[in-house]
Amino acid sequence: MQPTMMRYELTLTSLFRRAGELYAGTEIVSRNPDKSIDRKTYADFDRRARQLASALRRAGMNKGDRVATLCWNHHAHLEAYFGIPIAAGVLHTLNLRLHPDEIAFIATHARDRFIIVDSVLWPLFEKVRAKAHFEKVIVVRSADQPLPGGAVDYEAFIATGDPGDPLPALSEDDALGVCYTSGTTGKPKGVCYSHRAIALHSLAAGLADTLGVSRRDTVLPVVPMFHANAWGLPFACVMVGAKIVLPGPHLGAADLLDLFERERVTMAAGVPTIWLGILQALDAEPARYALTREMRMVVGGAAAPESMIRGFDKHGLRVVHAWGMTETAPLGTVSNLGPDADAWSDDERYAQRAKQGIASPFIELRAMSDRGPVPRDGTTPGELEVRGAWVAASYVEPCDEGADKWTDDGWFRTGDVVTLDASGCVKITDRTKDLIKSGGEWISSVDVENLIIGHPAVKEAAVIAVPHPKWDERPLAAVVVKEGATVTAEALRAFVAAKLAKYQVPDAFVFIDAIPKTSTGKFQKSELRERFKNHVW
Ligand code: ADP
C-alpha cells in the first residue's frame, strides 16, 4: 500500500511564517555595542526579515547565492538568519575571532557574494576585504556611527525591500546555510546545512528530554551566532516563539549576569570557559544577582567539569551538558537524568550529568576500535561515529582533506574518543589528537583536567602530552590560578593523586597566566604542546 500523506517540505520558511502569525507580541531584545538595549517584537522581526529577503532578491541575489555575516549576536543577525534562507540564499556566518586572512580564505572558498557586517567590526573587515571580494557590503550601525565608504547602511538596504513580496517556494533539500569548522584541529572545512536538516534539528531541540526550548522560555545564546549556528538556538527559539535575548559584543561575566537578571533569562548556552567565569563571579558575590531559579545553562563545545555542575547547583542554576559538532548541526547528545536516577546517590547523579548523555532522536551513535564496535560497557574506549538526519555527508568542495572522515558504510568519524554504556550514555574521554600515550597506556586529558579544575584555587587547567624519553609521552598540567589564590604543584599533585591511578597523575604542574583559546573559546592544546615540547622532566 502507498502512504496517503501529503508531501510537505520541511523548510525554515514554514517555521518563519508560523512564528509571524502566532507570536507577534513576543520580544526580541538585543544589547547594542554602547550597552543600550534595543527592544523589538516578533512582529518587527517578521516584517524586517521579509524586507531583507525582498531587498536581497531585488539586489540580484539568486537562489543558492551565499550571503555572509560578520556580526555579533543581535537582532539584525537574527533577521539575516531567516531573511537570507527564506529568500533562497545561503547564510554564511563568518567567525570574527579568526585571523583576517583566514576569514578571507573562508569567504573566498564559500564564494560569498554579499556580506552584512557590524560597524564595530569595520577595522577587522577592512583587513578581510583586502583579500576577499564582496559585491555588496551592508553595514549594521547605530545612527551616530559614520557609514564607511563603499558600504550600504543596513536600515537603508532593507528599506528597499517590500515585506509584501511573496517568498519563493523552497524544497527541503535546498541549502539553508554554511558553517566552517573553527579549525581546532586542521584547516577550516565547510558544512552546508539543508532546510530539512535545520527544521528537524529545531524540532529535536524543543524536546523535553533534549534542550526543551519552549515558548515559556527566555533564551540568551552566549554562544556566538557564528559558532555552529549558535547551536541552532535562534532557529529553535523562533520555531517555538521563545523570547530571545542577544548580548551583542559584551560577553564579560558581570555583563552577562546583569542581562540574565534584567531580562529574567530562563535558558542560556555557551562553552565551559564562559561558564567558569560566570561561576567565579557568582561565588564571589552570591547575593548580588537575582537569577531565575532553575535557569538552564546549556554547556557544550568542550566537557563540562563535574565541579562546575556542582558549583552552579549551589546557586540554584542547572547545567545541561550537551555534545555536538559543526558537522552535526550541532546537537548530537544531551545529558538529562532518566527515571532510574531517582534511586541514585548524589555522587552518581553528578557523575552522570558530567557525561555527554544520550543521542537525540534521528541521531545514531557507535564507538569503534580497529576490531569493530566496542562493547557498551562504559569502560572500553572507541572512536565515536555518528549518522543521522542532520549529520554532514561531505564537506563543501573543493576540500582536499576530510574524505577519510566518512566510513564506507556511511558513518561520520568524529575524532572523539568515548565510552558508551549499556544505557547508551556517551562519555567523551578525549579528542583523538589530545590523548596521552604513556608507556602503552592511554590517559584521558579531559578526566585529569576536570579533577584539577575542582581544586578551589584553580581557575583553568589544560593537560597535554609532552614527549618523554622513557614513556613515550607523559602528561603535563598547565594551570591558571584564581586571582588572589595560591597553590603549589605538590598540593595539586596530592589533590588529584587521591582519585587517579599513579600513571595518570601529571609529572609536571606548570603555572601560566592564561590558557590559549581557540576562536570559539576552547583550549588551544596544540599551542601548549608546541610551547612545552622541550620540557625537561
Ligand atoms: P572544532 O572542531 O573546531 O573545535 P566544533 O565546535 O565543531 O569545532 O567542535 C566539535 C568538538 O568539540 C567535538 O568533536 C568534541 O571534541 C568537542 N565537544 C563538543 N561538545 C563537547 C562536550 N560536551 N564534551 C566534550 N567535548 C565536546
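Residues numbered from 1 in each chain as written. Predicted model: local features only at pLDDT ≥ 70, side-chain atom pairs only at ≥ 80, totals over all residues. Heavy atoms only, no water.

Another point: the state of the cysteines. Disulfide: a covalent bond formed between the sulfur atoms of two cysteine residues. Under the criterion given, the structure shown has zero disulfides. Free of any disulfide, Cys71 has its nearest neighbouring cysteine sulfur in Cys179, separated by 14 Å. Not engaged in a disulfide, the cysteine Cys179 finds its nearest cysteine sulfur in Cys192; these two sulfurs lie 10 Å apart. (Disulfide = S-S within 2.5 Å.)

You can see Asp153 is positioned in strand S7 (residues 152-153). You can call Asp153 buried: its relative accessible area is 14%. At a separation of 2.8 Å, a polar atom in the side chain of Asp153 contacts the side chain of Arg141. Within the structure, the side chain of Asp153 is placed 3.0 Å from the backbone nitrogen of Ala156, a separation counted as a polar contact. (Helix = DSSP H or I, 4+ residues; strand = E, 2+ residues; numbered from the N terminus. Buried < 20%, exposed > 50% of the residue type's maximum accessible area, 1.4 Å probe, protein only. Polar contact = N/O pair within 3.5 Å; in protein donor to acceptor, adjacent residues only side chain to side chain.)

Domain boundaries in the chain define domain 1 (12-20 + 32-193), domain 2 (252-430) and domain 3 (436-531). One C-alpha centre belongs to domain 2, the other to domain 3; they are set 21 Å apart. Interface area for domain 2 against domain 3, summed over the two sides, is near 1,100 Å², with a carbon-plus-sulfur share of 53%. The largest share of the area that domain 2 buries against domain 3 comes from Thr273, Gln280 and Asp430, three residues that together contribute 38% of it. One can count one salt bridge joining domain 2 with domain 3. Among the ionic pairs, Lys427 bridges to Asp447, the shortest N-O distance being 2.7 Å. Remark: the boundary between domain 2 and domain 3 carries five residue pairs in polar contact (both at pLDDT 80 or more). Counting residues per element, the ones that place at least two in the side of domain 2 that touches domain 3 are helix H10 (272-284) and strand S21 (426-431). With four residues, the single largest contributor to the side of domain 2 that touches domain 3 is S21. A breakdown of the residues in the side of domain 2 that touches domain 3 according to their chemical character gives six nonpolar, five polar and two charged. (Domains from an automatic or database assignment. Buried area = accessible area lost by both parts, 1.4 Å probe. Salt bridge = Lys/Arg side-chain N within 4 Å of Asp/Glu carboxyl O. Nonpolar A, V, L, I, M, F, W, Y, C, P; charged D, E, K, R; others polar.)

Read from one edge to the other, the open sheet built from five strands follows the order S18-S17-S19-S20-S21, with strand pairing classed as antiparallel. Of all the strands in the sheet, just strand S18 (372-373) and S21 have a single pairing partner and so form its edges. As paired elements, strand S19 (residues 382-388) and strand S20 (residues 412-420) share four bridges and run antiparallel to each other. The residue bridging Glu385 from the neighbouring strand is Arg413, located in S20. (Pairing = 2+ DSSP bridges.)

As a further point, take the layout of surface pockets. Rolled over the atoms, a probe with the dimensions of a water molecule shows which regions are left empty. Reported here for the second largest pocket is a volume of approximately 840 Å³. In terms of lining residues, the second largest pocket is bounded by 33 residues, among which Glu306, Ser307, Asn450, Leu451 and Gly454 are the most central. Of all the secondary-structure elements, those providing two or more residues to the lining of the second largest pocket are H10, helix H11 (306-314), S21, helix H13 (445-452) and strand S24 (458-468). Split by residue class, the lining of the second largest pocket holds 15 nonpolar, eight polar and ten charged. (1 Å grid on protein atoms, 1.4 Å probe; cavity = no way out; pocket = protein on both sides within 12 Å on 5 of 7 lines; lining within 4 Å. Points joined across faces, edges and corners; volume = space filled by probe spheres on them.)

Attention now goes to the packing of aromatic side chains. What the rule picks out here adds up to 13 aromatic pairs. Consider the rings of Phe16 and Phe45, whose centres lie 5.7 Å apart with planes at 75°: the pair is edge-to-face. Of this pair, Phe16 sits in helix H1 (residues 12-22) while Phe45 is found in helix H2 (residues 42-58), placing the two residues 29 residues apart along the sequence. An aromatic cluster of three or more residues is present, and its members are Phe16, Tyr23, Tyr42, Phe45, Tyr81, Phe82 and Phe235. Sitting above the plane of the Tyr395 ring, Lys189 keeps its charged end 5.7 Å from the centroid. Just above the ring of Trp442 sits the side chain of Lys437; from NZ or CZ to the centre is 5.7 Å. (Phe/Tyr/Trp six-rings, centres within 6.5 Å; stacked < 30°, edge-to-face > 60°. Lys NZ or Arg CZ within 6 Å of the ring centre and 35° of its normal.)

A word on the packing of helix H4 (residues 100-110) against helix H5 (residues 122-129). It is at 8 Å that the axes of H4 and H5 come closest, and there the two elements cross at 60°. Relative to H5, the element H4 is oriented oblique. The way H4 lies across H5 gives a crossing that is right-handed. Taken together, the residues of H5 that come into contact with H4 (itself represented by Pro100, Ile103 and Ala104) are Leu124, Lys127 and Val128. In the contact of H4 with H5, the residues fall into five nonpolar, no polar and one charged. (Axes fitted to C-alpha atoms, helices over the stretch in contact; angles between N-to-C directions. Parallel < 35°, antiparallel > 145°, perpendicular 65-115°, else oblique. Left-handed = near helix turned anticlockwise from the far one by under 90°. Contact = heavy atoms within 4.5 Å.)

Time to look at unusual backbone geometry. Here the amide bond leading from Ala329 into Pro330 is cis, since omega sits at 5°, within 30 degrees of zero. If you trace the backbone, Pro330 turns up in the loop between strand S14 (318-324) and strand S15 (331-335). Cis geometry is adopted by the peptide bond preceding Pro398, which originates at Glu397 and carries an omega value of -10°. Inspection of the secondary structure puts Pro398 in the loop between S19 and S20. Positive phi outside glycine occurs at Arg111, with the angle close to 55°. Tracing the backbone through its elements, the reader meets Arg111 in the loop between H4 and strand S5 (112-118). Take Arg111: its relative accessible area is 60%, and that puts it in the exposed class.

Our next topic: the environment of Val67. Within the secondary structure, Val67 is located in strand S3 (residues 66-70). Residues Val67 and Lys189, 122 residues apart in the sequence, show an inter-C-alpha distance of 17 Å. Not counting chain neighbours up to four residues away, the residues in contact with Val67 comprise Leu56, Met61, Ile84, Val90, Leu91, His92, Phe114 and Ile116.

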